[in-house]
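Architecture and fold: a report
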Amino acid sequence: MQGAWPATYTDAMTSHLPWPNRFAALGPAFYTELQPQGLPQPHWVATSPACAALLGLAPDWADDEALQVFSGNALWPGMRPLASVYSGHQFGVWAGQLGDGRAHWLGELHGTAGGFELQLKGAGRTPYSRMGDGRAVLRSSIREFLCSEAMAALGIPTTRALCITASALPVRREMMETAAIVTRLAPSFVRFGHFEHFSHNGRHAELRALADFLIRHHAPECADAAVPSLALAEKVARQTAELIAAWQAVGFCHGVMNTDNMSMLGLTLDYGPFGFMDSFNPGHICNHSDERGRYAYANQPNVGFWNLHALAQALLPLVPGEPEAASEKMLAAIGIYREVYAPAEAARWRAKLGLTTERAEDAELINDWLGLLAGERVDFTLAHRRLGTPAARDLFIDRAAYDAWSARHQTRLGFEPAGALERMRAVNPAVVLRNHLAENAIRAAQQGDFSEVERLLRVLSTPFAEPENPQDAALPPDWAQELEVSCSS
Ligand code: AMP
Ligand code: MG
């Protein structure tokens, strides 16, 4: 099918030719060019209208031609698919070479919101697939698609997902499943691991070229700094701090915060065994394979800093001067993480409690609130959503403890402008992608009914509004306790 398109193009996607691919200009040291392996007899599962709007696509963009392209069976002229090479630390240990084992970069679309790289995730093996089959299953593709778009609607930096295509092609995981492809987009998919790769292998010319590439296209303000790579490290540290503070505030656990899954743009990247906490437990581990809880909820902020040290180490050859002095400067650059993280997190908790000003007692008020939630394993999303209403009280067994805290909260709100309830509801979502909501959509989709994916996408696109169906904002059912999410996707 490739190269067999008619000579005239009328649809909206192809009018964006010529699919520039600035990453490809870095040269073959950074990637392998290769054709996607398509899904046989593909069909649509879902498309994201919000994502299409971001790209400036026409409402009818998802036609038969687009189906062939986004299922890996065809290319539009100008598309130049490639898989990039990176390395990384997995669970704290140097893992050596990894790379896009199942992602094909197609090129860039420049829409109303700037340029976006498009990637097919699950279009077959690449030179970096190692033991993997290069495929993604329908289950994990629905989770990535819904969560990408849900995070964006929550205002949290993330890669986006344009669509899912699927087919009956069997794929072996713990059970036999079927194949799907998510088309995801980001201004850049460059990871900490890309830098670690070239640094670890002593390829400093490539390391510099990659830093120059990222700065030129995605961090131009760093170009004017005395040492651009230090400015870049600081920028990434800031963005990572803001990102993780945003995760903590909605109870999001990434699940696999390896350095190869860390975005140089501070985006949530590589949705695997992620989870939104139901009942609040700081030690919550969402990834069934993470036996020791390295990536537990409460560890995420420290892991972010740990990962930045790996990045700092990788960028060090770009800092001129004596190694010791260079190292000190680099540590100072990423040290901004701590300065940014603590106030960013505090600001989010204050906002969640309806506070617009800062007072000395706030830290204790917040701490005691989280202690109350943790002590009774109260539902994280509901507790915040109901704050300031009598319904919050129903979530607690120890009503006296809740009442005592609530009285302090009310007193504190007395120092605030009116409208605390509205303020709290504008930052405390009613609906997040709880595992059981995703699971309902997945089970229906596995039976060929994609309406629940579409419906859930719609609900998640306005997370701060009360959903039409109260079940979408309700406590998880008992069976949700048994859901296990692992790395297998
Ligand atoms: P992850 O921890 O899921 O981000 O993946 C770690 C590495 O394994 C990356 O290099 C992925 O591209 C690769 N990988 C994961 N799943 C597959 C798969 N099914 N086929 C090929 N490579 C994979
Ligand atoms: Mg990954």
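So, a few notes on the structure that sits alongside this text. As the structure is a computational prediction, the values presented were derived from the model and not from experiment.

The rules behind each value
- Residues numbered from 1 in each chain as written.
- Chains lettered and ligands numbered in written order.
- Predicted model: local features only at pLDDT ≥ 70, side-chain atom pairs only at ≥ 80, totals over all residues.
- Heavy atoms only, no water.
- Helix = DSSP H or I, 4+ residues; strand = E, 2+ residues; numbered from the N terminus.
- Rg over C-alpha atoms; globule rule 2.2 N^0.38 Å.
- Buried < 20%, exposed > 50% of the residue type's maximum accessible area, 1.4 Å probe, protein only.
- Contact = heavy atoms within 4.5 Å.
- Near = heavy atom within 4 Å.
- Polar contact = N/O pair within 3.5 Å; in protein donor to acceptor, adjacent residues only side chain to side chain.
- Areas by Shrake-Rupley, 256 points an atom, 1.4 Å probe, with all protein chains shown as cover.
- Domains from an automatic or database assignment.
- Phe/Tyr/Trp six-rings, centres within 6.5 Å; stacked < 30°, edge-to-face > 60°.
- Lys NZ or Arg CZ within 6 Å of the ring centre and 35° of its normal.
- Arc of directions from axis to C-beta.

What follows concerns the overall build of the chain. A tally of helices and strands in the chain yields 15 helices and 12 strands. Expected size for 489 residues packed as a compact globule is a radius of gyration near 23 Å; at 23 Å, the chain falls within 12% of this value. C-alpha extents for the chain along the principal axes are approximately 70 × 60 × 40 Å. Going through the 489 residues of the chain one by one, you find that 57% of them count as buried. A separation threshold of at least 6 residues defines the contact pool for the chain, and within that pool the share at least 24 residues apart is 73%.

Attention shifts here to the site of ligand 1. Every one of the 17 residues lining ligand 1 counts as a neighbour, but Gly-99, Gly-101, Asp-133, Gly-134 and Asn-261 are closest to it. In the model, an oxygen atom of ligand 1 is placed 2.8 Å from a nitrogen or oxygen of the Gly-101 main chain. One nitrogen or oxygen atom from the side chain of Arg-173 is found 3.4 Å from a nitrogen atom belonging to ligand 1. Contact with the protein chains hides 81% of the accessible area of ligand 1, taken as 480 Å² for the molecule alone. Residue contributions to the shell around ligand 1 reach at least three from each of two domains, namely domain 1 (2–189) and domain 2 (193–346).

For any pair of aromatic rings, the description consists of the separation of the ring centres together with the inter-plane angle of the planes. With the rule as written, the count across this model stands at 24 aromatic pairs. Ring geometry for Phe-252 and Phe-276: centres 5.3 Å apart, planes at 65°, overall edge-to-face. Remark: Phe-276 occurs in strand E12 (residues 275–276) and Phe-252 occurs in strand E11 (residues 252–253); sequence separation between them is 24 residues. Phe-276 shares its class with Phe-252; the two are buried. Linked through ring pairs, Phe-23, Phe-30, Tyr-31, Trp-105, Phe-189, Phe-198 and Phe-213 together constitute an aromatic cluster. The lysine or arginine in question, Arg-443, covers the ring of Trp-479, its NZ or CZ lying 4.9 Å from the ring centre.

Inspection of the secondary structure assignment puts Glu-322 in the loop between helix H7 (300–315) and helix H8 (323–334). What makes Glu-322 exposed here is its relative accessible area of 59%. Sequence separation of Glu-322 and Glu-376 is 54 residues, and the distance between their C-alpha atoms is 53 Å.

Residues Glu-452, Val-453, Leu-456, Leu-457, Val-459 and Leu-460 constitute the buried set of helix H15 (residues 451–460). Down the axis of H15, the smallest arc covering the buried residues is 165°, so these residues share one side. Contacts made by the buried residues of H15 are with strand E2 (43–47), helix H1 (49–54), helix H3 (138–154) and helix H14 (435–446).

Function cannot be inferred from these measures alone, as they are strictly geometric.
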